[in-house]
Amino acid sequence: MARIDLQSLGHSYTPNPKSDDDYALKPMTHVWEQGGAYALLGPSGCGKTTLLNIISGLLTPSEGRVLFDGKDVTALPTEARNIAQVFQFPVVYDTMTVYENLAFPLRNRGLRGAPLDARVREIAGLLDLTADLNRRGRNLTADAKQKISLGRGLVRPDVAAILFDEPLTVIDPHLKWELRSKLKALHRALDLTMIYVTHDQTEALTFADKVVVMHDGRVVQVGRPQELFERPAHVFVGHFIGSPGMNVLPAEVSGRAARVGGHVIALRRGYPALDGKAKIEIGVRPEFATLAPAGAGGVPVRVRRLDDLGRTRIARVELSGLPMAATVPEDLTLAGDEASLLLDPAMVHVYADGTLVEGEAA
Ligand SMILES: Nc1ncnc2c1ncn2[C@@H]1O[C@H](COP(=O)(O)OP(=O)(O)OP(=O)(O)O)[C@@H](O)[C@H]1O
(Lines give C-alpha, C1' and ligand atoms only; values in the text may rest on other atoms or scores of the structure.)
Protein backbone atom coordinates (compact mmCIF):
# COMPACT_ATOMS: atom_id res chain seq x y z
CA MET A 1 0.00 0.00 0.00
CA ALA A 2 1.16 3.49 -0.65
CA ARG A 3 0.32 7.11 -0.39
CA ILE A 4 0.25 8.57 -3.89
CA ASP A 5 1.26 12.19 -4.42
CA LEU A 6 0.45 13.99 -7.63
CA GLN A 7 2.60 17.11 -7.74
CA SER A 8 1.76 19.87 -10.25
CA LEU A 9 0.70 17.03 -12.49
CA GLY A 10 -0.68 17.87 -15.91
CA HIS A 11 -0.85 16.36 -19.35
CA SER A 12 -1.21 17.70 -22.83
CA TYR A 13 -1.36 15.41 -25.85
CA THR A 14 -0.17 18.35 -27.98
CA PRO A 15 3.58 19.02 -27.85
CA ASN A 16 3.55 22.76 -27.02
CA PRO A 17 0.44 23.56 -25.00
CA LYS A 18 -0.37 27.26 -25.15
CA SER A 19 -3.58 27.58 -23.19
CA ASP A 20 -5.65 25.62 -20.67
CA ASP A 21 -7.67 24.19 -23.55
CA ASP A 22 -4.61 22.28 -24.79
CA TYR A 23 -4.50 20.17 -21.60
CA ALA A 24 -6.41 16.88 -21.29
CA LEU A 25 -5.40 17.11 -17.61
CA LYS A 26 -4.87 20.62 -16.30
CA PRO A 27 -2.00 20.90 -13.81
CA MET A 28 -3.11 19.82 -10.34
CA THR A 29 -1.72 18.73 -6.98
CA HIS A 30 -3.45 16.01 -5.06
CA VAL A 31 -2.76 13.31 -2.47
CA TRP A 32 -4.31 9.84 -2.43
CA GLU A 33 -3.92 8.72 1.16
CA GLN A 34 -2.69 5.24 1.97
CA GLY A 35 -5.57 2.81 2.40
CA GLY A 36 -8.21 5.20 1.01
CA ALA A 37 -11.13 4.21 -1.23
CA TYR A 38 -11.33 6.84 -3.94
CA ALA A 39 -13.55 7.27 -6.93
CA LEU A 40 -12.57 9.33 -9.93
CA LEU A 41 -15.88 10.55 -11.29
CA GLY A 42 -16.71 12.58 -14.36
CA PRO A 43 -18.35 12.46 -17.78
CA SER A 44 -16.77 10.97 -20.88
CA GLY A 45 -13.74 12.97 -22.06
CA CYS A 46 -13.06 14.80 -18.77
CA GLY A 47 -9.61 13.25 -18.38
CA LYS A 48 -10.21 10.27 -16.05
CA THR A 49 -8.38 7.71 -18.18
CA THR A 50 -5.52 10.13 -18.80
CA LEU A 51 -5.05 10.54 -15.03
CA LEU A 52 -5.40 6.81 -14.36
CA ASN A 53 -2.88 5.97 -17.07
CA ILE A 54 -0.40 8.42 -15.56
CA ILE A 55 -0.79 6.80 -12.12
CA SER A 56 -0.41 3.32 -13.60
CA GLY A 57 2.59 4.28 -15.71
CA LEU A 58 0.99 3.69 -19.12
CA LEU A 59 1.41 7.38 -19.87
CA THR A 60 4.25 9.76 -18.95
CA PRO A 61 2.84 13.14 -17.94
CA SER A 62 4.00 16.18 -19.87
CA GLU A 63 4.31 18.07 -16.55
CA GLY A 64 4.75 17.33 -12.87
CA ARG A 65 5.58 14.27 -10.80
CA VAL A 66 3.97 11.15 -9.36
CA LEU A 67 5.31 9.86 -6.02
CA PHE A 68 4.54 6.51 -4.39
CA ASP A 69 5.37 6.77 -0.67
CA GLY A 70 7.64 9.70 -1.40
CA LYS A 71 9.53 7.94 -4.22
CA ASP A 72 9.41 9.55 -7.65
CA VAL A 73 7.92 6.99 -10.06
CA THR A 74 7.08 9.42 -12.89
CA ALA A 75 9.46 7.76 -15.31
CA LEU A 76 8.90 4.16 -14.18
CA PRO A 77 6.95 1.74 -16.38
CA THR A 78 3.83 -0.03 -15.08
CA GLU A 79 5.74 -3.24 -14.22
CA ALA A 80 8.04 -1.33 -11.88
CA ARG A 81 5.21 0.37 -9.98
CA ASN A 82 3.73 -2.54 -8.06
CA ILE A 83 0.10 -1.76 -8.81
CA ALA A 84 -2.84 -3.97 -9.75
CA GLN A 85 -5.34 -3.00 -12.43
CA VAL A 86 -8.87 -4.15 -13.19
CA PHE A 87 -10.21 -3.13 -16.56
CA GLN A 88 -13.69 -2.88 -18.11
CA PHE A 89 -13.36 -6.28 -19.71
CA PRO A 90 -12.34 -9.44 -17.85
CA VAL A 91 -8.73 -10.55 -18.03
CA VAL A 92 -8.97 -14.27 -17.27
CA TYR A 93 -6.96 -17.24 -18.52
CA ASP A 94 -9.61 -19.52 -20.03
CA THR A 95 -7.59 -22.73 -19.76
CA MET A 96 -6.72 -22.23 -16.09
CA THR A 97 -9.03 -22.96 -13.18
CA VAL A 98 -10.40 -20.15 -11.06
CA TYR A 99 -7.90 -21.14 -8.37
CA GLU A 100 -4.97 -20.90 -10.79
CA ASN A 101 -6.22 -17.57 -12.12
CA LEU A 102 -6.27 -16.14 -8.62
CA ALA A 103 -2.92 -17.70 -7.73
CA PHE A 104 -1.20 -16.41 -10.86
CA PRO A 105 -0.33 -12.85 -9.65
CA LEU A 106 0.99 -14.34 -6.38
CA ARG A 107 3.14 -16.95 -8.11
CA ASN A 108 4.55 -14.17 -10.30
CA ARG A 109 5.71 -12.44 -7.11
CA GLY A 110 7.39 -15.61 -5.87
CA LEU A 111 4.76 -16.68 -3.34
CA ARG A 112 4.31 -20.46 -2.89
CA GLY A 113 2.80 -23.07 -0.59
CA ALA A 114 0.53 -22.38 2.38
CA PRO A 115 0.67 -18.54 2.28
CA LEU A 116 -0.37 -18.60 -1.39
CA ASP A 117 -3.14 -21.11 -0.73
CA ALA A 118 -4.44 -19.11 2.24
CA ARG A 119 -4.57 -15.85 0.30
CA VAL A 120 -6.27 -17.41 -2.75
CA ARG A 121 -8.92 -18.97 -0.48
CA GLU A 122 -9.40 -15.73 1.45
CA ILE A 123 -10.05 -13.71 -1.72
CA ALA A 124 -12.23 -16.46 -3.23
CA GLY A 125 -14.27 -16.47 -0.02
CA LEU A 126 -14.72 -12.70 -0.04
CA LEU A 127 -15.92 -12.83 -3.65
CA ASP A 128 -18.14 -15.92 -3.20
CA LEU A 129 -15.96 -17.89 -5.60
CA THR A 130 -15.06 -20.78 -3.27
CA ALA A 131 -17.43 -23.22 -4.96
CA ASP A 132 -15.98 -22.33 -8.38
CA LEU A 133 -12.29 -22.73 -7.55
CA ASN A 134 -11.86 -25.87 -9.66
CA ARG A 135 -13.82 -24.66 -12.68
CA ARG A 136 -12.02 -23.55 -15.82
CA GLY A 137 -12.20 -19.91 -16.86
CA ARG A 138 -13.77 -20.63 -20.24
CA ASN A 139 -16.88 -22.19 -18.71
CA LEU A 140 -17.82 -19.09 -16.75
CA THR A 141 -20.25 -16.27 -17.51
CA ALA A 142 -18.99 -12.73 -18.22
CA ASP A 143 -20.08 -11.71 -14.71
CA ALA A 144 -18.15 -14.52 -13.06
CA LYS A 145 -15.10 -13.77 -15.21
CA GLN A 146 -15.14 -10.15 -14.12
CA LYS A 147 -15.35 -11.28 -10.49
CA ILE A 148 -12.17 -13.26 -11.09
CA SER A 149 -10.55 -10.18 -12.63
CA LEU A 150 -11.48 -8.29 -9.49
CA GLY A 151 -10.02 -11.13 -7.43
CA ARG A 152 -6.79 -11.08 -9.43
CA GLY A 153 -6.56 -7.35 -8.76
CA LEU A 154 -7.20 -7.78 -5.05
CA VAL A 155 -5.16 -10.88 -4.34
CA ARG A 156 -1.71 -9.34 -3.91
CA PRO A 157 -1.45 -7.88 -0.42
CA ASP A 158 1.69 -5.88 -1.25
CA VAL A 159 0.39 -3.62 -4.04
CA ALA A 160 0.84 0.15 -3.83
CA ALA A 161 -2.70 0.62 -5.15
CA ILE A 162 -5.44 -1.09 -7.12
CA LEU A 163 -6.81 0.84 -10.06
CA PHE A 164 -10.30 -0.01 -11.30
CA ASP A 165 -11.28 1.38 -14.71
CA GLU A 166 -15.10 1.19 -15.00
CA PRO A 167 -14.96 -2.44 -13.79
CA LEU A 168 -18.71 -3.04 -13.72
CA THR A 169 -19.41 -2.08 -17.36
CA VAL A 170 -19.99 -5.68 -18.47
CA ILE A 171 -21.80 -6.77 -15.32
CA ASP A 172 -25.49 -7.51 -15.46
CA PRO A 173 -27.47 -4.60 -13.94
CA HIS A 174 -28.94 -6.72 -11.11
CA LEU A 175 -25.48 -7.96 -10.12
CA LYS A 176 -23.93 -4.51 -10.23
CA TRP A 177 -25.45 -3.54 -6.91
CA GLU A 178 -24.16 -6.71 -5.28
CA LEU A 179 -20.63 -6.29 -6.61
CA ARG A 180 -20.53 -2.61 -5.69
CA SER A 181 -21.36 -3.39 -2.07
CA LYS A 182 -18.92 -6.28 -2.13
CA LEU A 183 -16.08 -4.04 -3.32
CA LYS A 184 -16.80 -1.68 -0.46
CA ALA A 185 -16.67 -4.57 2.02
CA LEU A 186 -13.47 -5.83 0.39
CA HIS A 187 -11.88 -2.45 0.85
CA ARG A 188 -12.70 -2.55 4.56
CA ALA A 189 -11.45 -6.12 4.92
CA LEU A 190 -8.23 -5.73 2.94
CA ASP A 191 -7.10 -2.19 3.79
CA LEU A 192 -5.77 -1.41 0.30
CA THR A 193 -5.55 1.91 -1.55
CA MET A 194 -8.18 1.74 -4.27
CA ILE A 195 -8.90 4.16 -7.08
CA TYR A 196 -12.11 3.50 -8.93
CA VAL A 197 -12.82 5.29 -12.22
CA THR A 198 -16.39 5.72 -13.30
CA HIS A 199 -18.83 8.10 -14.95
CA ASP A 200 -21.65 6.66 -12.82
CA GLN A 201 -22.42 8.69 -9.69
CA THR A 202 -24.13 5.79 -7.91
CA GLU A 203 -21.05 3.61 -8.34
CA ALA A 204 -18.77 6.41 -7.14
CA LEU A 205 -20.88 7.37 -4.16
CA THR A 206 -21.45 3.82 -2.91
CA PHE A 207 -17.85 2.74 -3.30
CA ALA A 208 -15.76 5.69 -2.24
CA ASP A 209 -14.87 7.37 1.03
CA LYS A 210 -13.69 10.27 -1.09
CA VAL A 211 -14.81 11.19 -4.57
CA VAL A 212 -12.61 13.18 -6.95
CA VAL A 213 -14.90 14.92 -9.41
CA MET A 214 -13.40 15.88 -12.77
CA HIS A 215 -14.77 18.22 -15.37
CA ASP A 216 -13.07 19.34 -18.55
CA GLY A 217 -9.60 18.17 -17.53
CA ARG A 218 -9.82 19.71 -14.07
CA VAL A 219 -10.41 18.32 -10.60
CA VAL A 220 -13.33 20.46 -9.43
CA GLN A 221 -13.91 18.90 -6.02
CA VAL A 222 -12.50 16.22 -3.75
CA GLY A 223 -14.85 15.30 -0.97
CA ARG A 224 -16.91 12.79 0.92
CA PRO A 225 -20.20 11.93 -0.81
CA GLN A 226 -22.10 14.03 1.72
CA GLU A 227 -19.92 17.08 1.08
CA LEU A 228 -20.48 16.79 -2.66
CA PHE A 229 -24.17 16.68 -2.02
CA GLU A 230 -24.46 19.40 0.60
CA ARG A 231 -21.77 21.80 -0.55
CA PRO A 232 -20.87 21.44 -4.22
CA ALA A 233 -17.65 23.37 -4.83
CA HIS A 234 -18.61 23.97 -8.45
CA VAL A 235 -21.94 24.22 -10.26
CA PHE A 236 -20.82 21.24 -12.34
CA VAL A 237 -20.72 19.06 -9.21
CA GLY A 238 -24.19 20.32 -8.34
CA HIS A 239 -25.51 19.31 -11.78
CA PHE A 240 -23.64 16.05 -12.13
CA ILE A 241 -24.35 14.61 -8.70
CA GLY A 242 -27.94 14.21 -7.59
CA SER A 243 -31.07 13.44 -9.51
CA PRO A 244 -32.42 15.89 -10.41
CA GLY A 245 -29.28 17.99 -9.99
CA MET A 246 -28.87 21.28 -8.18
CA ASN A 247 -30.93 24.27 -9.28
CA VAL A 248 -28.68 27.08 -10.49
CA LEU A 249 -30.17 30.55 -10.93
CA PRO A 250 -28.63 33.87 -11.99
CA ALA A 251 -28.71 36.23 -9.02
CA GLU A 252 -27.49 39.47 -7.54
CA VAL A 253 -25.94 38.88 -4.16
CA SER A 254 -25.22 41.37 -1.43
CA GLY A 255 -24.78 40.78 2.28
CA ARG A 256 -27.11 38.00 3.36
CA ALA A 257 -29.54 38.30 0.46
CA ALA A 258 -29.73 37.06 -3.10
CA ARG A 259 -32.10 38.69 -5.57
CA VAL A 260 -33.57 36.51 -8.29
CA GLY A 261 -35.92 38.24 -10.70
CA GLY A 262 -37.14 40.75 -8.11
CA HIS A 263 -37.50 38.21 -5.30
CA VAL A 264 -35.29 38.15 -2.24
CA ILE A 265 -33.82 34.85 -1.06
CA ALA A 266 -32.23 34.76 2.39
CA LEU A 267 -28.67 33.42 2.73
CA ARG A 268 -27.17 31.90 5.85
CA ARG A 269 -23.79 33.52 5.25
CA GLY A 270 -22.83 37.08 4.44
CA TYR A 271 -21.10 37.93 1.17
CA PRO A 272 -18.74 40.83 0.53
CA ALA A 273 -19.07 42.79 -2.72
CA LEU A 274 -18.54 40.19 -5.45
CA ASP A 275 -16.43 40.78 -8.54
CA GLY A 276 -18.61 42.83 -10.88
CA LYS A 277 -17.33 40.95 -13.94
CA ALA A 278 -18.02 37.43 -12.65
CA LYS A 279 -21.22 35.55 -13.44
CA ILE A 280 -23.00 35.31 -10.08
CA GLU A 281 -25.41 32.46 -9.47
CA ILE A 282 -27.04 30.77 -6.52
CA GLY A 283 -27.40 27.02 -6.27
CA VAL A 284 -29.86 25.03 -4.18
CA ARG A 285 -30.64 21.34 -4.44
CA PRO A 286 -34.27 20.28 -4.92
CA GLU A 287 -34.00 18.45 -1.56
CA PHE A 288 -33.56 21.82 0.19
CA ALA A 289 -36.30 23.63 -1.75
CA THR A 290 -39.71 22.66 -0.44
CA LEU A 291 -43.01 23.44 -2.07
CA ALA A 292 -45.72 25.01 0.11
CA PRO A 293 -49.17 26.49 -0.52
CA ALA A 294 -49.27 29.98 -2.03
CA GLY A 295 -48.90 32.62 0.65
CA ALA A 296 -46.99 30.34 3.05
CA GLY A 297 -43.94 32.63 2.97
CA GLY A 298 -40.83 31.93 0.88
CA VAL A 299 -40.80 32.95 -2.78
CA PRO A 300 -43.78 32.71 -5.11
CA VAL A 301 -43.48 30.10 -7.88
CA ARG A 302 -45.67 28.68 -10.62
CA VAL A 303 -45.99 24.89 -10.69
CA ARG A 304 -45.58 23.39 -14.17
CA ARG A 305 -45.55 19.66 -13.41
CA LEU A 306 -45.38 17.12 -10.62
CA ASP A 307 -43.17 14.04 -11.08
CA ASP A 308 -43.67 11.02 -8.88
CA LEU A 309 -40.24 9.44 -8.32
CA GLY A 310 -41.50 6.66 -6.07
CA ARG A 311 -40.09 7.63 -2.70
CA THR A 312 -40.43 11.37 -3.37
CA ARG A 313 -42.42 13.76 -5.50
CA ILE A 314 -40.58 16.47 -7.41
CA ALA A 315 -42.27 19.62 -8.65
CA ARG A 316 -41.05 21.41 -11.75
CA VAL A 317 -41.69 25.07 -11.01
CA GLU A 318 -40.82 28.50 -12.36
CA LEU A 319 -39.40 31.29 -10.25
CA SER A 320 -39.73 34.53 -12.21
CA GLY A 321 -39.76 32.39 -15.36
CA LEU A 322 -36.63 30.42 -14.34
CA PRO A 323 -37.12 26.63 -14.18
CA MET A 324 -36.40 24.87 -10.88
CA ALA A 325 -37.05 21.51 -9.25
CA ALA A 326 -38.41 21.29 -5.72
CA THR A 327 -39.49 18.65 -3.23
CA VAL A 328 -43.21 18.16 -2.68
CA PRO A 329 -44.11 17.26 0.93
CA GLU A 330 -46.28 14.15 1.19
CA ASP A 331 -49.27 15.95 2.68
CA LEU A 332 -49.26 18.94 0.32
CA THR A 333 -52.31 19.58 -1.82
CA LEU A 334 -52.25 22.48 -4.21
CA ALA A 335 -55.12 24.55 -5.49
CA GLY A 336 -54.13 25.77 -8.96
CA ASP A 337 -50.56 26.34 -10.11
CA GLU A 338 -49.54 29.04 -7.67
CA ALA A 339 -47.34 28.00 -4.78
CA SER A 340 -44.55 29.08 -2.48
CA LEU A 341 -41.02 27.80 -2.31
CA LEU A 342 -39.34 27.47 1.08
CA LEU A 343 -35.55 27.44 0.77
CA ASP A 344 -33.19 26.35 3.53
CA PRO A 345 -30.82 29.38 3.78
CA ALA A 346 -27.93 27.18 4.96
CA MET A 347 -28.22 25.20 1.73
CA VAL A 348 -28.39 28.11 -0.70
CA HIS A 349 -24.86 28.54 -2.06
CA VAL A 350 -23.34 31.37 -4.06
CA TYR A 351 -21.17 30.78 -7.14
CA ALA A 352 -18.96 33.18 -9.10
CA ASP A 353 -18.15 31.95 -12.61
CA GLY A 354 -19.22 28.48 -11.49
CA THR A 355 -17.01 28.26 -8.39
CA LEU A 356 -18.36 28.28 -4.82
CA VAL A 357 -17.85 31.55 -2.97
CA GLU A 358 -17.13 31.11 0.73
CA GLY A 359 -19.41 33.45 2.64
CA GLU A 360 -18.80 34.76 6.12
CA ALA A 361 -20.25 32.59 8.88
CA ALA A 362 -23.37 33.79 10.66
N1 LIG B 1 -4.01 9.52 -27.17
C2 LIG B 1 -4.65 10.69 -27.22
N3 LIG B 1 -4.27 11.66 -28.09
C4 LIG B 1 -4.88 12.86 -28.13
N5 LIG B 1 -5.94 13.20 -27.34
C6 LIG B 1 -6.37 12.29 -26.46
C7 LIG B 1 -5.76 10.99 -26.34
N8 LIG B 1 -6.41 10.29 -25.38
C9 LIG B 1 -7.38 11.11 -24.91
N10 LIG B 1 -7.36 12.30 -25.55
C11 LIG B 1 -8.24 13.45 -25.28
O12 LIG B 1 -8.04 13.85 -23.93
C13 LIG B 1 -9.27 14.21 -23.31
C14 LIG B 1 -9.50 13.36 -22.07
O15 LIG B 1 -9.69 12.00 -22.47
P16 LIG B 1 -9.79 10.79 -21.43
O17 LIG B 1 -9.85 9.53 -22.22
O18 LIG B 1 -8.72 10.93 -20.41
O19 LIG B 1 -11.20 11.10 -20.76
P20 LIG B 1 -12.16 10.10 -19.95
O21 LIG B 1 -12.77 10.95 -18.89
O22 LIG B 1 -11.40 8.93 -19.51
O23 LIG B 1 -13.25 9.70 -21.01
P24 LIG B 1 -13.90 8.24 -21.27
O25 LIG B 1 -14.75 7.95 -20.06
O26 LIG B 1 -14.68 8.46 -22.52
O27 LIG B 1 -12.74 7.30 -21.42
C28 LIG B 1 -10.35 14.03 -24.37
O29 LIG B 1 -10.58 15.29 -24.96
C30 LIG B 1 -9.71 13.08 -25.36
O31 LIG B 1 -10.20 13.31 -26.66
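You'll find the structure just up there.
Before going into details, it helps to say that this report is about the structure given with it. (Residues numbered from 1 in each chain as written. Predicted model: local features only at pLDDT ≥ 70, side-chain atom pairs only at ≥ 80, totals over all residues.)

Some points on the overall build of the chain
Inclusion rule: The helix count covers DSSP runs of H or I at least four residues long, the strand count covers runs of E at least two residues long, and both are numbered beginning at the N terminus. Every C-beta atom is placed from the backbone, and the number of other C-beta atoms within 10 Å of a residue's own sets its class: buried at 20 or more, exposed at 12 or fewer, partly exposed in between. Any residue pair is listed as a contact if its two C-beta atoms, each placed from the backbone, are within 7 Å.
When helices and strands are counted, the chain shows eight helices and 21 strands. Here the chain holds 362 residues, and 39% of them are scored as buried. Partitioning the intrachain contacts of the chain with sequence separation of at least 6 by distance along the chain shows that 68% fall at a separation of at least 24.

Things to note about the sheet that holds strand S21 (residues 355-356)
Heads up, the condition is: Here the rule is simple: two strands pair whenever DSSP picks up at least two bridges between them.
Strand order in the open sheet formed by four strands is S11-S14-S20-S21, with antiparallel pairing between adjacent strands. Two strands lie at the open edges of the sheet, namely strand S11 (247-250) and S21, each paired on one side alone. Two elements, strand S14 (residues 280-284) and strand S20 (residues 349-352), share four bridges in a ladder whose sense is antiparallel. Considered in S20, the bridge of Ile-280 is made with Ala-352.

Section: the pairing of strand S3 (residues 37-41)
Of all five residues in S3, five are buried; the element is thus mostly enclosed. Going residue by residue along S3, you find Ala-37, Ala-39 and Leu-41 tucked away on one face and Tyr-38 and Leu-40 tucked away on the opposite face as well. Bridge count between S3 and strand S8 (residues 194-198): five bridges; the pairing is parallel. Of the residues in S8, the one forming a bridge with Ala-37 is Met-194. The pairing of S3 with strand S9 (residues 210-215) spans four bridges and is classified as parallel.

Some remarks on the sheet that holds strand S4 (residues 63-68)
Worth spelling out the cut-off: Fitting a line to C-alpha atoms yields each axis, with helices limited to the stretch in contact; the angle taken between N-to-C directions then spans 0 to 180 degrees.
Overall, antiparallel pairing links the four strands, which are arranged S2-S1-S4-S5 in an open sheet. Taken across any chain shown, the strands that pair with only one partner, and hence form the sheet edges, are strand S2 (25-32) and strand S5 (71-72). With two bridges connecting them, S4 and S5 associate as antiparallel partners. Bridge pairing in S5 places Leu-67 opposite Asp-72. Packing of helix H1 (residues 48-56) onto the sheet brings it into contact with strand S1 (4-11), S2 and S4, and relative to S1 it is tilted by some 125 degrees.

Re the site of the ligand
For clarity, the threshold we go by: Whether a residue is near a molecule or strand depends on its C-beta atom, generated from backbone atoms, being within 6 Å of that molecule or strand. Throughout, the ten residues Ala, Val, Leu, Ile, Met, Phe, Trp, Tyr, Cys and Pro are labelled nonpolar, Asp, Glu, Lys and Arg are labelled charged, and all others, Gly among them, are labelled polar.
Tyr-13, Ala-24, Gly-42, Ser-44, Gly-45, Cys-46, Gly-47, Lys-48, Thr-49, Thr-50 and His-199 make up every residue found near the ligand. Looking at the shell around the ligand residue by residue, the classes come out as three nonpolar, seven polar and one charged.

Quick notes on the nonpolar core
Here is the rule: Each nonpolar core consists of buried Ala, Val, Leu, Ile, Met, Phe, Trp, Tyr and Cys residues. Their C-beta atoms, within 7 Å, join them into a set. Segmentation into domains, and thus their bounds, comes from an automatic or database assignment.
Grouped together as the largest cluster of nonpolar side chains are 100 residues, with contacts concentrated most on Tyr-38, Ala-39, Leu-40, Ala-161, Ile-162, Ile-195 and Tyr-196. Among the elements that take part in this core, S3 stands out by supplying five residues, more than any other. Both domains that meet at this core, namely domain 1 (4-240) and domain 2 (247-356), each give it at least three residues. In this structure Ile-162 touches Ala-84, Val-86, Gly-153, Leu-154, Leu-192 and Met-194, once residues within four positions along its chain are discounted.

Focus on H1
Note: α-helices contain 3.6 residues per turn, so residues at a spacing of three or four share the same orientation. Where H1 is concerned, the buried positions are Lys-48, Thr-50, Leu-51, Leu-52, Ile-54 and Ile-55. Immediately beyond the C-terminal end of H1, within one or two residues, lies Gly-57, with a positive phi of roughly 95 degrees.

What to know about the environment of Ile-171
Here Ile-171 is to be found in the loop between strand S7 (161-165) and helix H5 (173-190). Classification of Ile-171 as partly exposed rests on a count of 19 C-beta atoms within 10 Å. Taking the C-alpha atoms as reference, Ile-171 lies 44 Å from Ala-251; in sequence the two are 80 residues apart. With near-sequence residues (within four places) excluded, Ile-171 lies in contact with Asp-143, Gln-146, Lys-176 and Leu-179.

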